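Listed below, chain by chain, are the residues.
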Amino acid sequence: MGLSVYLNGKFVDRDKAYVSIFDHGLLYGDGVFEGIRSYSGLVFRLKGHIDRLYRSASAIQLVIPMKKDALMKAVVATLKKNKLKDAYIRLVVTRGPGDLGLDPRKCRHGRVIFIIADKVALYPERYYREGLHIITAKTRRNLPQALNPRIKSLNYLNNILAKLEATKSGVEEALMLTHDGYVAECTGDNIFIVSKKTLITSPTKIGALEGITRDAVISIAKKRKIIFREKKFKLNEVYKADECFLTGSAAEIVPVVRIDKKTIGRGKPGKLTLELRDEFRKLTKIDGIKYKID
Ligand code: PXG
C-alpha cells in the first residue's frame, strides 16, 4: 500500500495528492510549514511545533482555518493511517490558489493544508560518530527586518543558496552569518558552541529560527546546571571553540568538528555534545503526544 497524505481534511494516495499551479505557496512561497519527528509512537513536542506554525502564520497574516487541537489530531491520524511509529512529518499551510498577482486577497478559495508522514531518512551514523565538516556561506541570513528567519515560511531560497555553497565545497551544511557578521544558524539547523565550559547559542532575534530542538537542548542544559548563555558571537569564537554542534528535528544533535577547513577542539565530537545528545534521546521517549498503531 502506498503512502496516504492528508490534504484538506481527506486522506488521498500520494500519487493523487495535487495542489493547483495557481497556489500562492508555489507561485510566491506564500505559506508556512513545520518539520516534525515521531519516535516509537510519540510525536516529539507536537504542541511546540503547532504553536510555532500558528506564530509563523500570524506573522504573515495567514489565518489557519483549523483549531490547533484539530490540526494536532490530523497529524496523529496521518501517522496512524500510514502505520508509522518512527516518522518524519511535513505539515504545510499555503495561502491557497488565487489569480496571478501577489496580493493574498486573490486567494479566494481558502487555504490549503497538507500533511505528509514518511519514514525518516537519517543522516549516516558516521556523522554522529566522527562529526560533521561545514563551511561558512557567503550568502548572509535574511535580515529580520526584511523576512524574519523566525518565520518558517515556504520561502527557503536564502537557505537553499547557502546549501548550494555547502554542496559545492563538498560538505553537508553551511553556517550563515547575519548581515553584520554574527553567527546566525545553519541552513536547516541551529548552532551551539562550547567555550570554557559554557554552552552558547545565538539569540534568535538576530536572525534564526526558534528551533524546537534548540529549545529542548536549552531545557536539558538548565536542568543539568550546565552554564548556558544566549549571546551574539562571531566566527572566530566558533574557530576557537572547544566543541560545536547543530540541532534540528531531522539531525537531532550532530557534532561539528571542522569549519572552513579549521579543526574545532580536538577534531572529535565533544564530551558535553555527547552528554546532551544522550539526554536528548531520553527526552524523545517522553516529551510529546503518544499514539498507538492499531
Ligand atoms: N533553522 C532552520 C532554518 C530550520 O529550517 C532549524 C533551524 C531547526 O529547528 P527545529 O525546530 O527542527 O529544531 C530548522 C528546521 C528538512 C528539515 O527537511 C529542515 C528542518 C527541520 C526538519 C527537516 O530539511 N529545519
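Residues numbered from 1 in each chain as written. Predicted model: local features only at pLDDT ≥ 70, side-chain atom pairs only at ≥ 80, totals over all residues. Heavy atoms only, no water.

S.K.: Honestly, the overall build of the protein chain in this entry has me stumped. Any pointers?
M.R.: If you tally the helices and strands in the protein chain, you get eight helices and 16 strands. Viewed in the frame of its principal axes, the protein chain has a C-alpha envelope of about 55 × 45 × 35 Å. For the protein chain, buried positions account for 53% of its 294 residues. Look at the contacts in the protein chain between residues 6 or more apart in sequence, and 70% of them connect residues 24 or more apart. Surface exposure of the protein chain reaches about 15000 Å², of which carbon and sulfur atoms provide 54%. With 56 positive and 32 negative side-chain charges, the protein chain shows a spacing of 2 Å between the two charge centroids. (Helix = DSSP H or I, 4+ residues; strand = E, 2+ residues; numbered from the N terminus. Buried < 20%, exposed > 50% of the residue type's maximum accessible area, 1.4 Å probe, protein only. Contact = heavy atoms within 4.5 Å. Areas by Shrake-Rupley, 256 points an atom, 1.4 Å probe, with all protein chains shown as cover. Lys, Arg positive; Asp, Glu negative; His and termini not counted. Charge placed at Lys NZ, Arg CZ, Asp CG, Glu CD.)

S.K.: What is the right way to read the packing of helix α6 (residues 212-223) against helix α8 (residues 271-283) from this model?
M.R.: To describe two helices that pack against each other, one gives the angle between their axes and the distance between the axes. Running from N to C, α6 and α8 point in directions that differ by 110°, and their axes come no closer than 10 Å. Our classification of the angle between α6 and α8 gives roughly perpendicular. Contact residues: T213, A216, V217, I220 and A221 in α6; L276, E279, F280 and L283 in α8. For the contact of α6 with α8, the class distribution of residues is seven nonpolar, one polar and one charged. (Axes fitted to C-alpha atoms, helices over the stretch in contact; angles between N-to-C directions. Parallel < 35°, antiparallel > 145°, perpendicular 65-115°, else oblique. Nonpolar A, V, L, I, M, F, W, Y, C, P; charged D, E, K, R; others polar.)

S.K.: Is there a simple way to explain the domain arrangement of the protein chain in this structure?
M.R.: Accessible area lost on assembly of the parts is the figure often given for the size of an interface. One can read the domain layout of the protein chain as domain 1 (4-118) and domain 2 (125-283). Computed from C-alpha atoms alone, the centre-to-centre distance between domain 1 and domain 2 is 26 Å. Each partner contributes to the interface: domain 1 provides 23 residues, whereas domain 2 provides 19 residues. The junction of domain 1 with domain 2 conceals about 1600 Å² of combined surface from both sides, 61% of it contributed by carbon and sulfur atoms. Contact with domain 2 buries area across many residues of domain 1, yet F33, R45 and R52 alone supply 36% of it, more than any other trio. Taken together, domain 1 and domain 2 are joined by two salt bridges. Between R55 and E210 there is a salt bridge whose closest N-O contact spans 3.5 Å. Taken together, domain 1 and domain 2 are joined by 11 residue pairs in polar contact (both at pLDDT 80 or more). Elements represented by at least two residues in the side of domain 1 that touches domain 2 include exactly α1 (24-28), β3 (31-39), α2 (46-59) and β5 (87-94). Looking at the side of domain 1 that touches domain 2 element by element, the count peaks at seven residues for β3. (Domains from an automatic or database assignment. Buried area = accessible area lost by both parts, 1.4 Å probe. Salt bridge = Lys/Arg side-chain N within 4 Å of Asp/Glu carboxyl O. Polar contact = N/O pair within 3.5 Å; in protein donor to acceptor, adjacent residues only side chain to side chain.)

S.K.: Honestly, the site of the ligand in this entry has me stumped. Any pointers?
M.R.: Taken together, 20 residues lie around the ligand, and Y156, E185, I212, T213 and S249 are the ones closest in. Surface burial for the ligand is 85%, taken as the share of its 540 Å² of free accessible area covered by protein chains. Split into classes, the residues belonging to the shell around the ligand amount to five nonpolar, nine polar and six charged. Each of domain 1 (4-118) and domain 2 (125-283) gives at least three residues to the shell around the ligand. (Near = heavy atom within 4 Å.)

S.K.: Sorry if this is basic, but what is going on with a nonpolar patch on the surface here?
M.R.: A cluster of nonpolar side chains, contributed by I21, F22, L26, L27, Y28, L100 and L102, occupies part of the molecular surface with about 730 Å² of accessible area. Here L26 lies in helix α1. (Patch = residues over 30% accessible without salt bridge, like charges linked within 9 Å, V, L, I, M, F, W, Y side chains within 5 Å.)

S.K.: For this particular structure, what's the right way to read the nonpolar core?
M.R.: As a rule of thumb, nonpolar side chains are buried together in soluble globular proteins. Residues I64, L71, L79 and L91 are the most contacted members of the largest nonpolar core, which totals 27 residues. For this core, the secondary-structure elements that each account for two or more residues are β3, α2, α3 (68-81), β5 and β6 (112-118). Considering each element in turn, this core owes the most residues, six residues, to α3. If we skip the residues at most four places from it in the chain, I64 touches L53, Y54, A57, L71, V93 and I113. Ranked by size, the runner-up nonpolar core spans 22 residues in total, among them Y127, Y128, I200 and V254. (Core = buried A, V, L, I, M, F, W, Y, C linked by side-chain atoms within 4.5 Å.)

S.K.: Quick question: what am I supposed to make of the pairing of strand β2 (residues 10-13) here?
M.R.: Within a regular beta strand, the side chains point alternately toward one face of the sheet and then the other, so they alternate between its two faces. Pairing of strand β1 (residues 4-7) with β2 involves four bridges; the strand directions are antiparallel. Paired with L7 across the strands is K10, a residue of β2. (Pairing = 2+ DSSP bridges.)

S.K.: Looking at this structure, how should I read α6?
M.R.: Every α-helix carries 3.6 residues per turn, so stepping three or four residues along brings you back to the same face. With 12 residues, α6 extends 17 Å from end C-alpha to end C-alpha; this agrees with the ideal 16 Å at 1.5 Å per step. Residues of α6 that are buried include every one of I212, T213, R214, A216, V217, I218, I220 and A221, and no others. One or two residues past the end of α6 sits K225, with phi positive at roughly 55°. (Expected span 1.5 Å × (residues − 1).)

S.K.: I tried to follow the packing of aromatic side chains on my own but got confused; where do I start?
M.R.: Think of a pair of aromatic rings as described by two things: how far the centres are apart, and how the planes are tilted against each other in angle. A full pass over the atoms with the stated rule returns six aromatic pairs. Look at F44 and F280: their rings are 5.3 Å apart centre to centre, the planes differ by 75°, and that puts the pair in the edge-to-face class. One end of the pair, F44, is in strand β4 (residues 42-44); the other, F280, is in helix α8, with 236 residues separating them in the sequence. F280 shares its class with F44; the two are buried. Arranged with centres 5.4 Å apart and planes meeting at 65°, the rings of Y123 and Y127 form a pair that is edge-to-face. Directly above the aromatic system of Y239 lies the positively charged group of K262, at a separation of 4.6 Å from the ring centroid. (Phe/Tyr/Trp six-rings, centres within 6.5 Å; stacked < 30°, edge-to-face > 60°. Lys NZ or Arg CZ within 6 Å of the ring centre and 35° of its normal.)

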